[in-house]
Amino acid sequence: MTQELDCPLQDAALHQVQLEIHPLDGPEQQVQVDCCIIKGQAGIAETKGDNPELLQAAPQGEARLLPGLGIELPIVHTFHEFFAEMQGHDDIICISESEDNYSKWEGYAQWSCTAETVQSKSISGMKMSHVDATIQQLQPSRTRVAKHLSVFSKGVCQLEKIEEERMSSIEILSIDQCDDTITDSEDEIKVIEENFYRGGKVSWINFWLSEKKHVGEFIQRDTYKEISKRISDLPKCSIEQTAIQDLRIYHQPGSGGSTVARQVLWNNRKNFRCAVARHSFSASKVAEHAVKLREYEEVDAQKCLPVLLLVEDFDTEYLEDLRRELDSAVRTHKIKPGTLCFILLSCRQSHEPEKMSKESPLQNFSVTHKLSAEEKREFARKKTEVEKQYSANYIITFVLMSEEFNKDYIIKFVKDLLVGIKHGDVVTHLIHYVALLNTYVQNSYLSQSHCEALLLLSMQTNIEPTANKQTRKNHTDRCRRHLFESSLNKQAKVLFIHLRDEKTHIQSIRILHPLIAEEVLRQLLVKDQQQSDVAMKLLKDDVLFQNSFGKEHYHRFLRDLCMRRNKIIKGDKSDTSFSPLIEHILEKENPEKAFEILKAAYTRFNEDPFFAQQLAQLCYTYEEFPEAKDWADIAQKKMPHNSYILDTKGQVFKRWFNDKYRNLEGNISPESTVDTIATALEAIECFRTCEGAANLEQDSMNNSGYFSEVQVERDLLDLVLKVFPRGEKGRSECMQYLVTGHIPERVKKPWECFHSKLKFIHKNMHDALTRISEDLSYFQMDVNSDDDEQYSTELKIRNPVKWLARKTAWYGNFFKDVELPSKEQNQLSTRMKLCSLGGDNITSIFSLLSEKKHDQLESIVTVYGGLKKLDQMELANYIASQIALGCASSASTSSKLKELQACSHQFPRDRDRCHPNALFLLTLLFWPEDGDTNQERDNKYEILMSALDVLKRSFKIKQKNVPHKELRVFTHFYLGKGSGLSKIVHKSMIQAFKTYTVSQRRIKWFDGYIWKTPEIVHMLKRVQGWTEHGNVYIKGCKGKEIKIRALNSDSVPDGNENVEFYVGFTFQGPVACGIIVCDANET
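Sequence order as written defines the numbering, with residues in each chain counted from 1. Only residues with pLDDT of at least 70 are given local features in this predicted model, and only at 80 or more are side-chain atom pairs given and counted; all residues enter the totals for whole chains, interfaces and linings. Side-chain numbers come from the whole structure's heavy atoms, not from hydrogens or water.

Quick look at the packing of helix α24 (residues 580-588) against helix α25 (residues 591-604) now. Interaxial angles span 0 to 180 degrees and are taken between N-to-C directions of axes, which are lines fitted to C-alpha atoms, for helices over the stretch in contact. Runs of H or I in DSSP of at least four residues are treated as helices and runs of E of at least two as strands, each being numbered from the N terminus. Following both chains from N to C, one finds α24 and α25 inclined at 155°, their axes separated by 7 Å at the closest point. It follows that α24 is roughly antiparallel to α25 by the angle criterion. Residue-level inspection shows I582, I585 and L586 of α24 in contact with α25, the latter providing P591, K593, A594, I597 and L598. Each residue gets one of three labels, nonpolar for Ala, Val, Leu, Ile, Met, Phe, Trp, Tyr, Cys and Pro, charged for Asp, Glu, Lys and Arg, and polar for the others, Gly among them. Residue classes in the contact of α24 with α25 are distributed as 7 nonpolar, no polar and 1 charged. Each angle is binned into one of four classes, with values under 35 degrees roughly parallel, values over 145 roughly antiparallel, values of 65 to 115 roughly perpendicular, and all other values oblique. Note on contacts: a residue pair qualifies if any of its non-hydrogen atoms lie within 4.5 Å across the two residues.

What follows is the structure in structure tokens.
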């Protein structure tokens, strides 16, 4: 096939020639090349001395080149004489590696011909090796082995095998992929096509066969057309263009999403550098090789074809890491803004792909089982075509797609196929096992080695001992495959599709499609047999479990079958408490069977404590609390310091307490509540132990214990209150009991073991609420975490900030009427009033600003203002309330800011004694303003720097060893253009942050788009600074520099640059947002 190039090479004739190279100095050398472009009786000029001589036309098929010549008049004169002698330009092509030289040449050449003529017969900016590769690529494919890639100059370059191997983390798609394939065998083509239509993963050879007309055309799904149009609409270079574009395909399992993604790559391989990321490599390694692919054999890093990189079945975190690495490379290589460098095309399974595509229509695309009217016509046409060539059983997956995976069609297909199957046969058991795995474990399979072990297959091969290792291996593989297939019954031969891992070369099988696997699993069940029976047999099968080849993957699939929960964030239909198999057994069979499966898994996996944890959760879900406690104790004994297992034990007692509380049914007395209170206190003790363990864990951040403790303490206080008589007198007696040393006679004896613990509840609950507020002030709390199973908790708080506000208000209202001696009365009464208003912690105070509850903020300020003396936390809350009120008011003055600055001087001078809340407020209050004198500015910077030093240290302790990207530091405020308190802009006031979904917002943040919105530009103020070695700085007092962390580290330019940015305020210190490079004279 002729490569279509926008240059004279595509019109040239091809001849085998000898190419003579004459260097400017030294003896003449001759080099043989495969081909060169000669047309007619073209001659080549040679200069000797200062005067050009027109040589006799070179014999046809021979050319002489003078590499390295500058554009000088002798050469120009020679050209004009050639032009005249050859009577025109048809037999002349000008090739120049240097665009600068070509520009000069173009001007001189116009003495003999027009500019259009010169341009139509010239190639500039293309390396001679690319010219050579382009010409070679035009030859018939059977004589060519090397792979080629497109280059920016519209030619091609050769992809050296060794360079391809060095980029091992990506599978590179060349423009002549599969061109060296020999397709004389119709049987071989038929096998390839049958494998695809049966449900095998599409490969490049499928596209190649279609393109070469060996088979019919590929159907173009609507999503393929949408993505192709989106890619073609991307400008290669535009001031609004981002260097990295994200396109995401969400598809239902088995709907053809992967085929669409690879079809996009195949049909764009000549316009881009295309590759597929390999699963076994890190994001950093894939990014490194993607960058290398982009710049391979290109002259200028600024002028390269974009890389279209397919990333299949990776989670959001991996994609973000990959984008971050690529963005860093773009900055390191100083690529000009507006240059498109990479297109990340990700493909991921989802049970709600249409919903995902609607969230971000320009970025997300969906592929579903449902076909559009146009797709139905295309599938019907294709179905008619393939049915003439292949047996119906061998194109079943394609037929299912054309039928939109109609449930009745699947049922009939499976029913007809299984007629006459022998249920006691070992092959039938194999089918059942694979169907179970494929139904419940995404992308699962069973290795051929496991199948052979189950079928008791063994083999001896007769091959010459002198044969090399690879020959022996290929022979053995063929024999094994033949023996394995011949041992299968006819049903297995239709249902199983054979796979081969591209890295390990392990051969395996799976069922054609997950929906077929599900129906096979159902119909193979004999009388009284249930899915739990199949799962139990699989768990107890020692042959499969102990088979060494492919053991790691098999064990992972088996473990996931029993443990992996569904999560919406992972593309599942819903969040579940247990694995889909266990959920099915609970719903369709009974809890006892589910318990037996988990118990068998616990035994099979060497008494794994996380299965013991799941058993505890299953038991308390069905109110089998004593047994739940036993399993929680077993898990704790094996992992005594794991906070997640300790949390599960706390949940056992929490659920047990709630059950006992419900069963009291109005029979509430000091005597009847003893057992219930004891259980509640046990739960609280477990959660406090969980909190202590979580604080010691350096690799995770688990604060579920604090939330659960508050929930139990709230319910326990509610129960305690009901023990006392109704009315004000009874309530007063209860409050006296809970917060003073008083012990009423009615509870003295029954509760003698609880008095000290119950009297500490009000303090413990307040401490837990304070700790929750502290965590929320540091980090964004996302309940949709993508944790591993062993790092997940039962607690699901959808909106923790609102939850905290509600619980704090309840706490304040509960204790607000306590009667105490005058001084203590005032202190407790005031604290409870502040709690009920939402003014007891900084998180709740700022949440009132988000919810525009200005009246409550004014009430909080009034209460604090009435206090004669404030401790550090109260002072911090008072200042925070004033700042929140100032943000809400457009009439905020500079005098109010000065007043709060004066108040803040009451914080300890020794900053190490300051609470993080106080330090955070100091960064807000003392950020310098434009109107400050030099002395005022130095004074503010001195306070600012002293606060930042301690604030950053406290954050590091809080962060532990948890990766920064997993914590997502929360930005509360931004520096605005106003004065006084008006310069402090709360995040809730910026509508741009609310316009997009969470996933859209992440992308907008990554590419910096959100900081360019008119609203933010109008509202926020840019600050000037500079960068050094990836860090951002501003000038502090007395010539000292202040390091400002970048909110998005990828936005920091490399090297030393003058920059401008917006300032955000966090509990880690100020952060730089929307960083842009500016000229030196602007700073």
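Picking up where we left off.
So, about α25. Given a helix with a known number of residues, its expected span is that number minus one, times 1.5 Å. Taking 1.5 Å per residue, 14 residues should reach 20 Å; α25 reaches 20 Å between its end C-alpha atoms and fits that length. Buried residues of α25: A594, F595, I597, L598, A600, A601, Y602 and R604, and no others. Packing partners of the buried residues in α25 comprise α21 (531-539), α22 (542-546), α23 (551-563), α24, α26 (609-621) and α27 (625-638). In the analysis that follows, any N or O atom pair within 3.5 Å is treated as a polar contact, provided that within protein one partner can donate a hydrogen and the other can accept it, and provided that, for residues neighboring in sequence, both atoms belong to side chains. The backbone nitrogen of E592 has a side-chain oxygen 3.1 Å away, supplied by the residue at the start of α25, namely N590. Phi turns positive one or two residues past the end of α25, at N606, with a value near 55°. Accessible area is worked out with a 1.4 Å probe on protein chains only. A residue is then buried under 20% of its type maximum, exposed over 50%, and partly exposed in between.

In globular proteins that are soluble, nonpolar side chains generally tend to be buried together. To qualify as a nonpolar core, a set must consist of buried Ala, Val, Leu, Ile, Met, Phe, Trp, Tyr and Cys residues joined through side-chain atoms within 4.5 Å. Residues L345, I516, L716, L738, L758 and F815 are the most contacted members of the largest nonpolar core, which totals 173 residues. If you tally residues by element for this core, the top one is helix α30 (residues 704-723), at 10 residues. Those residues in contact with F815, other than ones at most four positions away along the chain, are L717, R731, M735, L738, V739, H762 and M832. With 67 residues, the next largest nonpolar core counts L849, V863, Y941 and I1044 among its residues.

This part takes up the packing of aromatic side chains. Two rings from Phe, Tyr or Trp (for Trp, the six-membered ring) form a pair when their centres sit within 6.5 Å of each other. Planes less than 30 degrees apart are called stacked, planes more than 60 degrees apart edge-to-face, and all others tilted. Applying the stated criterion across every chain yields a total of 36 aromatic pairs. For the ring pair Y445 and F557, a centre distance of 5.0 Å and an interplane angle of 80° mean the geometry is edge-to-face. Taken together, the residues Y445 in the loop between α16 (426-440) and β18 (446-447) and F557 in helix α23 connect sequence positions 112 residues apart. When the centroid spacing of 5.2 Å and the interplanar angle of 80° are considered together, the rings of Y602 and W631 count as edge-to-face. Pair noted here: Y602 is in helix α25 and W631 is in helix α27, with a separation of 29 residues, a long-range link. Residue W631 is classed as buried on the basis of its relative accessible area, which comes to 8%. Taken together, the ring pairs in this structure connect F196, Y197, W204, F207, F218, W266, F379, Y390 and F398 into an aromatic cluster. Cation placement over rings: the criterion is NZ of Lys or CZ of Arg within 6 Å of the ring centroid and within 35° of the ring normal. The ring of F970 is capped by K987, whose NZ or CZ atom sits 5.2 Å from the centre of that ring.

To continue, consider the sheet that holds β18. The 3 strands are arranged β18-β20-β19 in an open sheet whose pairing can be described as antiparallel. Edge positions in the open sheet fall to β18 and β19 (496-500), since each of these has one partner strand only. The criterion for strand pairing is that DSSP finds at least two bridges linking the strands in question. Bridge count for β19 against strand β20 (residues 507-511) is 5 bridges, and the pairing is antiparallel. Note that in β20 the partner of H498 across the bridge is I509.

Mapped onto the secondary structure, E583 falls in helix α24. Taking relative accessible area as the criterion, E583 reaches 25% and is therefore assigned partly exposed. Put simply, E583 and C562 are 21 residues apart on the chain and 9.9 Å apart in space, counted from C-alpha to C-alpha. When residues no more than four places from it in sequence are discounted, the contact partners of E583 are T576, S577 and F578. Here the side chain of E583 touches S577 through a polar contact of 3.2 Å, landing on its backbone nitrogen.

Just distances and angles here, no functional claims.
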